[in-house]
Amino acid sequence: MDTLTKTVHSASRKKFFRQKPMFTPYRATSLDELEAVERKIGVAMPGDLRRWILALGYGDIDEDLSFREEWFVAIESGELKGGALFAQDTLGNFYGFDICGCIYFFSRSAPVFSKLSESFSEFIEELVRRDYRILDWVDALATQRYEW
């Protein structure tokens, strides 16, 4: 995870006349604060997600994928009950994890979802491989109905 956080933290994208960092920090956090979030949602975060947020804090990847404390919400029904949401993209879609740490996409506009990866680390690796274009990635997903 250290290599991934360094990769994302040091990445940039050319914007008009300058380089723009790929990760824009919003707010740092602490272990105590993350433990409070876990108590609120009633589930432990996957270890790699926890390490990511401790290393980089809350923030945005390429202005499209937002990590904020307020996005952490327990999933209380459906197939992934017991997991939690943890991020949101600019279209209002959510990203969550199940009790095993797998990462999922949840559409804002329809009751559908799709598995993205087996772990948060794998999710970030794939996002880097796809040049941080989360919206292109989720647009290409095959989804299935989610019973909320």
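What you are looking at is a predicted structure, and each value in this text was computed from that prediction instead of being measured.

1. What to know about the overall build of the protein chain
Okay, so step 1: Counting its secondary structure elements, the protein chain contains 5 helices and 11 strands.
Okay, so step 2: Its C-alpha atoms give the protein chain a radius of gyration of 15 Å, near enough to 15 Å, the size a compact globule of 148 residues would have.
Okay, so step 3: Partitioning the intrachain contacts of the protein chain with sequence separation of at least 6 by distance along the chain shows that 51% fall at a separation of at least 24.
Okay, so step 4: Per element, the accessible surface of the protein chain, about 7,800 Å² overall, is 51% carbon and sulfur.

2. Details of the pattern of salt bridges
Okay, so step 1: With the rule as written, the count across this model stands at 10 salt bridges.
Okay, so step 2: The residue Asp-131 makes a salt bridge to Arg-133 at a minimum N-O spacing of 3.4 Å.
Okay, so step 3: Its relative accessible area of 34% is what places Asp-131 among the partly exposed residues.
Okay, so step 4: Between Arg-145 and Glu-147 there is a salt bridge whose closest N-O contact spans 3.0 Å.
Okay, so step 5: A residue is classified by how much of its surface remains accessible, and Arg-145, at 52% relative accessible area, is exposed.
Okay, so step 6: Beyond isolated ion pairs, a larger network of salt bridges with shared partners links Arg-27, Glu-33 and Glu-69.

3. Overview of the environment of Thr-5
Okay, so step 1: Locating Thr-5 in the fold gives a position in helix 1 (residues 2-10).
Okay, so step 2: The buried category is assigned to Thr-5, whose relative accessible area is 7%.
Okay, so step 3: Each C-alpha atom, one on Thr-5 and one on Asn-93, is 23 Å from the other, the two residues being 88 residues apart in sequence.
Okay, so step 4: Those residues within four positions of Thr-5 in sequence are excluded, and the remaining contacts are Trp-52, Ala-55 and Leu-56.

4. A short note on helix 3 (residues 47-56)
Okay, so step 1: The complete set of buried residues in helix 3 reads Asp-48, Leu-49, Trp-52, Ile-53 and Leu-56. The arc that holds the buried residues of helix 3, viewed along the axis, is 135 degrees, so those residues lie on one side.
Okay, so step 2: Positive backbone phi, at 80 degrees, marks Gly-57, one or two positions downstream of helix 3.

5. Some words on the environment of Leu-56
Okay, so step 1: Relative to the helices and strands, Leu-56 is located in helix 3.
Okay, so step 2: Separated by 62 residues in sequence, Leu-56 and Glu-118 have C-alpha atoms that sit 21 Å apart.
Okay, so step 3: If near-sequence neighbours (up to four positions away) are discounted, Leu-56 is found in contact with Thr-5, His-9 and Phe-23.

6. Looking at the packing of aromatic side chains
Okay, so step 1: Enumeration over the complete set of coordinates arrives at 19 aromatic pairs.
Okay, so step 2: Ring centres of Tyr-95 and Phe-123 lie 6.2 Å apart, and the angle between their planes is 40 degrees; this geometry places the pair in the tilted category. On the criterion of sequence distance, the pair formed by Tyr-95 in strand 8 (residues 94-97) and Phe-123 in helix 4 (residues 120-129) is long-range, its members being 28 residues apart.
Okay, so step 3: Seen in terms of ring centroids, Tyr-104 and Phe-113 are 5.9 Å apart; in terms of plane orientation they differ by 35 degrees. Their pairing is tilted. As far as the burial class goes, Tyr-104 and Phe-113 line up, both buried.

7. Structural notes on the pairing of strand 8
Okay, so step 1: Bridge count for strand 7 (residues 84-89) against strand 8 is 4 bridges, and the pairing is antiparallel. The residue bridging Leu-85 from the neighbouring strand is Gly-96, located in strand 8.
Okay, so step 2: Counting the residues between successive antiparallel strands, the hairpin from strand 7 to strand 8 contains 4 residues, one of them, Gly-92, with a positive phi of roughly 90 degrees.
Okay, so step 3: Pairing geometry for strand 8 and strand 9 (residues 103-106), over 4 bridges, is antiparallel. Considered in strand 9, the bridge of Phe-94 is made with Phe-106.
Okay, so step 4: Where strand 8 folds back onto strand 9 in an antiparallel hairpin, the turn is made up of 5 residues, including Gly-101, whose phi is positive at roughly 95 degrees.

Conventions and cut-offs
Throughout, a residue's number is its position along its own chain's written sequence, starting from 1. Side-chain atom pairs in this predicted model are given and counted only at pLDDT of 80 or more, local residue features only at pLDDT of at least 70, and totals for whole chains, interfaces and linings cover all residues. Heavy atoms from the whole structure form the basis of all side-chain values; hydrogens and water molecules are not counted. Per the convention used, a helix needs a DSSP run of H or I reaching at least four residues, while a strand needs a run of E reaching at least two, with both numbered from the N terminus. Atoms counted for the radius of gyration: C-alpha only. Globule rule: 2.2 Å times residue count to the power 0.38. Only heavy atoms matter for contacts: two residues are in contact if any of them lie within 4.5 Å across the pair. Areas reported as accessible are Shrake-Rupley estimates using a 1.4 Å probe. Residue values count occlusion only from the protein chains shown. For this document, the term salt bridge refers to a Lys or Arg side-chain nitrogen within 4 Å of an Asp or Glu carboxyl oxygen. Exposure is judged per residue with a 1.4 Å probe applied to protein chains only, and the accessible area is read against the type maximum: over 50% gives exposed, under 20% gives buried, and values in between give partly exposed. Each direction from the helix axis to a C-beta atom contributes to the arc, which is the arc of those directions. Think of it this way: a Phe, Tyr or Trp ring, Trp meaning its six-membered ring, pairs with another when their centres are within 6.5 Å, and the plane angle makes it stacked under 30 degrees, edge-to-face over 60, tilted otherwise. Should DSSP find at least two bridges between two strands, the strands are taken to pair.

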